[in-house]
Amino acid sequence: EKQKELPELTYTTEKPIFRFAPSPSGPMHVGHVYYLLLNAEYKKKYNGNLVLRIEDTNSENIDPDAYNQLEEDGMWATNGKVDTVVIQSDRIEIYYNYAIQAITKGYAYVCTCSSERFKLLVDKGQPCPCRSNTPEDNLKKWNNMFTTYQPGEAVLRIKTDLKHRNPAVREWPAFRVNDSEHPRQGKKYRVWPLMN
């Protein structure tokens, strides 16, 4: 019988990093473990690092017990091969820094269009009016996301190819306003990165 091998990967670093990023909505299930083990096998093959990155930016879908469950299950399933556990909400300031860089370089903008209006435009491959705002205007609006805008009134979008064949990739939202209390961060933050 022919031995099955993992497909070769091309990478440019000396020590590649593999990441598995579940949401803490509950314990791991079989689908989680499948992808975690795939990453663990690549880590082993390339002498890399494996990061368990818990994506907890949607406070409305978090089971507080899942933080420990995911870490314990990850260590158990990989026989201790997880090198680092990162909790996304503990690193929000890093995301804010990248958002500000994207805004100032003209790669992102704050959109205040209704989701219905935005969808009509993006499905036709047309820009929403907010896309042409200056970086200075967008920085002001970004700051207003922390103080003035209510949930659903503004999102930070990344500029992409408006003619991309997949409408879901066009001008995807990177941050939103959410006032729900977070199990780890409480009310410290109200602007949260989205899964995109």
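Residues numbered from 1 in each chain as written. Predicted model: local features only at pLDDT ≥ 70, side-chain atom pairs only at ≥ 80, totals over all residues. Heavy atoms only, no water.

### Observations concerning the nonpolar core
Tyr96, Trp142, Met145, Leu156 and Phe175 are the most contacted members of the largest nonpolar core, which has 20 residues in total. Those elements that place two or more of their residues in this core are α3 (92–104), β4 (108–111), α5 (135–147), β5 (155–158), β6 (173–177) and β7 (191–193). The element that contributes the greatest number of residues to this core is α3, accounting for six residues. Beyond its immediate chain neighbours, meaning those up to four positions away, Met145 contacts Val110, Ala154, Val155, Leu156, Phe175, Arg176, Val177, Arg190 and Val191. If you look at the next biggest cluster of nonpolar residues, it comprises 16 residues, including Phe18, Phe20, Tyr46 and Leu52. (Core = buried A, V, L, I, M, F, W, Y, C linked by side-chain atoms within 4.5 Å. Buried < 20%, exposed > 50% of the residue type's maximum accessible area, 1.4 Å probe, protein only. Helix = DSSP H or I, 4+ residues; strand = E, 2+ residues; numbered from the N terminus. Contact = heavy atoms within 4.5 Å.)

### As for the packing of α3 against α5
Two elements in contact, α3 and α5, have axes separated by 8 Å at closest approach and are oriented at 150 degrees. By the criterion of interaxial angle, the relationship of α3 to α5 is roughly antiparallel. Contacts between α3 and α5 involve Tyr96, Ala99, Ile100, Ile103 and Thr104 from the first element and Pro135, Asn138, Leu139, Trp142 and Phe146 from the second. Of the residues belonging to the contact of α3 with α5, the class tally is eight nonpolar, two polar and no charged. (Axes fitted to C-alpha atoms, helices over the stretch in contact; angles between N-to-C directions. Parallel < 35°, antiparallel > 145°, perpendicular 65-115°, else oblique. Nonpolar A, V, L, I, M, F, W, Y, C, P; charged D, E, K, R; others polar.)

### Side note on α3
Counted at 1.5 Å a residue, the expected span for α3 with its 13 residues is 18 Å, and the 19 Å between its end C-alpha atoms agrees. Every buried residue of α3 is listed here: Ile92, Tyr95, Tyr96, Ala99, Ala102 and Ile103. All buried residues of α3 fall inside an arc of 125 degrees around its axis, so they share one side. Where α3 is buried, its residues meet β2 (49–54), β4, α5, β5, β6 and β7. With its phi angle positive at about 80 degrees, Gly106 sits one or two positions after the end of α3. (Expected span 1.5 Å × (residues − 1). Arc of directions from axis to C-beta.)

### Focus: the sheet that holds strand β3 (residues 84–87)
Taken together, three strands build an open sheet; the order of strands is β1-β2-β3 and the sheet is parallel. The sheet terminates laterally at β1 (17–20) and β3, the two strands that pair on one side only. Strand-to-strand twist of the sheet, defined as the mean angle between neighbouring strand axes without regard to direction, takes the value 25 degrees. The strands touched by helix α1 (residues 30–46) are β1 and β2; relative to β1, the strand with the most contacts, the crossing angle is about 170 degrees. Packing against the sheet, helix α2 (residues 66–77) makes contact with β2 and β3, and its axis sits at approximately 160 degrees to β2. (Pairing = 2+ DSSP bridges.)

### What to know about the pairing of β4
With burial as the criterion, each face of β4 is covered, one bearing Ala108 and Val110 and the other bearing Tyr109 and Cys111. As defined by bridge partners, β4 adjoins β5 across four bridges and the pair is classed as antiparallel. Bridge pairing links Tyr109 to Arg157 in β5.

### What to know about α2
Between its first and last C-alpha atoms α2 spans 15 Å; for 12 residues at 1.5 Å apiece the expected length is 16 Å, and the two agree. Taken residue by residue, α2 has Ala66, Tyr67, Leu70, Gly74 and Ala77 as its buried positions. Down the axis of α2, the sector holding all buried residues measures 115 degrees, keeping them to one side. Facing away from the buried side of α2, by more than 90 degrees, are the exposed residues Asn68, Glu72 and Trp76. Its buried side turned inward, α2 meets α1, β2 and β3. One or two positions beyond α2, positive phi appears at Asn79, with a value near 60 degrees.

Functional significance is not addressed by these values, which are geometric in nature.
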